[in-house]
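Structure assessment
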Amino acid sequence: MNDTTTDGFGTDGVGPEGVETGRFGTDRFDTGRFEAHRNRLASLAYRMLGSASDAEDAVQDAFLQWQAADRRRFRVPEAWLTKVVTNLCLDRLRSAHVRRERAVGGWVPEPLLDGDPMLGPADTVEQRESVSLAVLTLMERLTPLERAVYILREAFSYSHAEIADLLDISVSAGQQHLHRARRRLTTARRGHEADPAAARRVVEEFLAAAASGRTERLVALLTDDVTAISDGAGLARKLLHYATPERVAALVRAGFRPTPAKHRLAGGVPAVHYALVNRAPALLFVVGDKVIGAALFDLAGGRISTVRGIAAPHRVARLAEAWRRGEPDAPLTVLWPSSPTRGRPAPPS
C-alpha cells in the first residue's frame, strides 16, 4: 500500500511531508505516545479475539513493533497502531492452532467486569453490543476479515475508506464483508436494550427461585427457547449445552444444591453479588474476595433467554482481579452457610 499523507494509513503509517523531528525527550521508545492508545488498542484486540489475555499479548507485540519502528515518520500513530494490532489479531485468528482450539467446542469468550477499560467505547447500542457475550460468540462464525470489518465499523466508527486502508482491501470488498457479518449476527443483535432496573429484578427473582428450589418459578422466568451453557468450571473438555425451560431449571437447581465436592472446589461459602459483565446482568459467586464463578444472562421480552456459567479459573482471572480492586455492594445472599453434615457448595457449574 502507498504511504498516505492525509490520514496516516498505510503499511508504515507515514507520509513524505510533516515528518517529526525525532526529539522524544528522555523516553527513547516514546512510551507515552503508545500508552495514550493502549486502552483503545486493547479493546479492539479483545473484540477481535474474545480473550483478554490474548488481547494483552497482541497489544504487547504491537508495542515491540512500535519500539523497533522509525517513529519519527509517523504522521498519525493511531492509524499505524490500529493497523498493526488488527493484523496481529488476524494472524492469530487464521492460525491452525486457534482454529483447532475453537473447533473442539471448548471455547467461550472471556468475561469482563463493567468498568474494565478493555470493554472500550460504549456510546452507542452497536458499541455495547459488540462486547456482549452473545455477539462475541456468534462472531466465531465470521471469517477473520468479516470480523475485522464489522468491529472497525460498528465499534470504532471507521469509514469504509479507512477500513479498506487498514485491511488492504477495496472499499466494495469491505462493504460486502460488513453486509455478510451483519446478516450472520442478526440473532445476537438486539437493536434495543433492556431497562437496567427491570433486568436486575428478573435476575434477582431467578436467584431467589434457584436458591429456594422453586422450580416452577424458575421455568416461568425462562423463555420457551432458553439455552444454558457451562464450562464445567474448566473440568470439562467441551462446553456443556442445555435446552428447554424444564431442563435448564433442573440444571440450575442441581447446580445450587450443596455437595461436599462443590465445597472442596469452591473453598468456602459463596456470597452472591449482582454485577454487570460485558454490559449485561450477571451473578458473581465470591468466596472471601475471590470471584470463583459467574452466571451471565441474556434477556428477551422480560425473561431469560440464555444462561452462561463460567467458572474456569483462567477465564475469570481478569474479572476476579477487577473485582478485588473495586468496592462491591453488599451480596444479594450467601448460599448455604457451612454445616458439618452438608458441606459448603460451589456456584453452578
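First, a word on scope: everything that follows refers to the structure included in this document. (Residues numbered from 1 in each chain as written. Predicted model: local features only at pLDDT ≥ 70, side-chain atom pairs only at ≥ 80, totals over all residues. Heavy atoms only, no water.)

On the secondary structure map, Leu88 appears in helix 3 (residues 77-94). With 27 residues separating them along the chain, Leu88 and Asp61 place their C-alpha atoms 8.0 Å apart. Not counting residues up to four positions away in its chain, the partners in contact with Leu88 are Ala58, Asp61, Ala62 and Gln65. (Helix = DSSP H or I, 4+ residues; strand = E, 2+ residues; numbered from the N terminus. Contact = heavy atoms within 4.5 Å.)

Counted by the stated rule, this structure contains 2 cavities of 30 Å³ or more. Of the voids in this model, the second largest cavity is the one considered here, and its volume is about 40 Å³. Lining of the second largest cavity is provided by Ser132, Leu133, Ala134, Val277, Asn278, Ala280, Leu296, Phe297, Asp298 and Arg308. Every element with two or more residues in the lining of the second largest cavity is listed here: helix 6 (133-138) and strand 5 (290-300). For the lining of the second largest cavity, a count of residues per class yields 6 nonpolar, 2 polar and 2 charged. (1 Å grid on protein atoms, 1.4 Å probe; cavity = no way out; pocket = protein on both sides within 12 Å on 5 of 7 lines; lining within 4 Å. Points joined across faces, edges and corners; volume = space filled by probe spheres on them. Nonpolar A, V, L, I, M, F, W, Y, C, P; charged D, E, K, R; others polar.)

Another point: the side chain of Arg47. With respect to the element layout, Arg47 can be found in helix 1 (residues 31-49). Buried within the structure, Arg47 lacks any salt-bridge partner; Asp116 is the closest side chain of opposite charge, at an N-O distance of 9.6 Å. Polar contacts involving the side chain of Arg47 include one to the main-chain carbonyl oxygen of Pro121, which spans 3.4 Å. (Buried < 20%, exposed > 50% of the residue type's maximum accessible area, 1.4 Å probe, protein only. Lys, Arg positive; Asp, Glu negative; His and termini not counted. Salt bridge = Lys/Arg side-chain N within 4 Å of Asp/Glu carboxyl O. Polar contact = N/O pair within 3.5 Å; in protein donor to acceptor, adjacent residues only side chain to side chain.)

Throughout the structure, instances matching the rule amount to 20 salt bridges. Note that Asp30 is salt-bridged to Arg33, the shortest N-O span being 2.4 Å. Exposure remark for Arg33: the relative accessible area of 22% places this residue in the partly exposed category. Of the charged contacts in the structure, one is a salt bridge between Arg318 and Glu56, with a shortest N-O distance of 2.6 Å. Of this pair, Arg318 sits in helix 14 (residues 313-325) while Glu56 sits in helix 2 (residues 52-68), and the two are 262 residues apart along the sequence. With relative accessibility at 22%, the residue Arg318 sits in the partly exposed group. Assessed through its relative accessible area of 40%, Glu56 is described here as partly exposed. Within this structure, Glu56, Asp116 and Arg318 form a network of salt bridges that share partners.

Before going further, it helps to spend a moment on the packing of aromatic side chains. In the structure shown here, the tally under the stated rule is 5 aromatic pairs. Note on Phe206 and Phe297: the rings are 5.0 Å apart at their centroids and 70° apart in plane angle, and the pair reads as edge-to-face. Taken as a pair, Phe206 in helix 10 (residues 196-212) and Phe297 in strand 5 lie far apart in primary sequence, 91 residues in all. With a relative accessible area of 2%, Phe297 lands in the buried category. Between the aromatic rings of Phe256 and Phe285, the centroid separation amounts to 6.1 Å while the plane-to-plane angle is 70°, which identifies the pairing as edge-to-face. Within this pair, whereas Phe256 is found in helix 12 (residues 245-256), its partner Phe285 is found in strand 4 (residues 280-287), the two being separated by 29 residues in sequence. Using a relative accessible area of 1% as the deciding quantity, one classes Phe285 as buried. By way of ring pairs, the aromatic residues Phe34, Phe63, Trp66 and Trp80 are connected into one cluster. (Phe/Tyr/Trp six-rings, centres within 6.5 Å; stacked < 30°, edge-to-face > 60°.)

Our focus in this paragraph is the nonpolar core. In this structure, Met48, Leu167 and Leu284 are the most contacted members of the largest nonpolar core, which totals 68 residues. If we skip the residues at most four places from it in the chain, Met48 touches Thr86, Cys89, Leu90, Leu93, Pro144, Arg147, Ala148 and Ile151. Ranked by size, the runner-up nonpolar core spans 31 residues in total, among them Ala266, Ile292, Phe297 and Leu335. (Core = buried A, V, L, I, M, F, W, Y, C linked by side-chain atoms within 4.5 Å.)

Quick look at the pairing of strand 6 (residues 303-310) now. Counting buried positions over the 8 residues of strand 6 gives 7, a clear majority of the element. Two strands pair when backbone bridges link them, and strand 1 (residues 222-230) and strand 6 are joined in this way by 5 bridges, in the parallel orientation. Paired with Thr227 across the strands is Thr306, a residue of strand 6. Of the strand pairs in this sheet, strand 5 and strand 6 are connected by 7 bridges, and their pairing is antiparallel. Across the sheet, residue Asp298 finds its bridge partner in strand 6, namely Thr306. Between the antiparallel neighbours strand 5 and strand 6 lie 2 residues, among them Gly301 with a positive phi of about 60°. (Pairing = 2+ DSSP bridges.)

Geometric descriptors of this kind do not, in isolation, establish any biological role.
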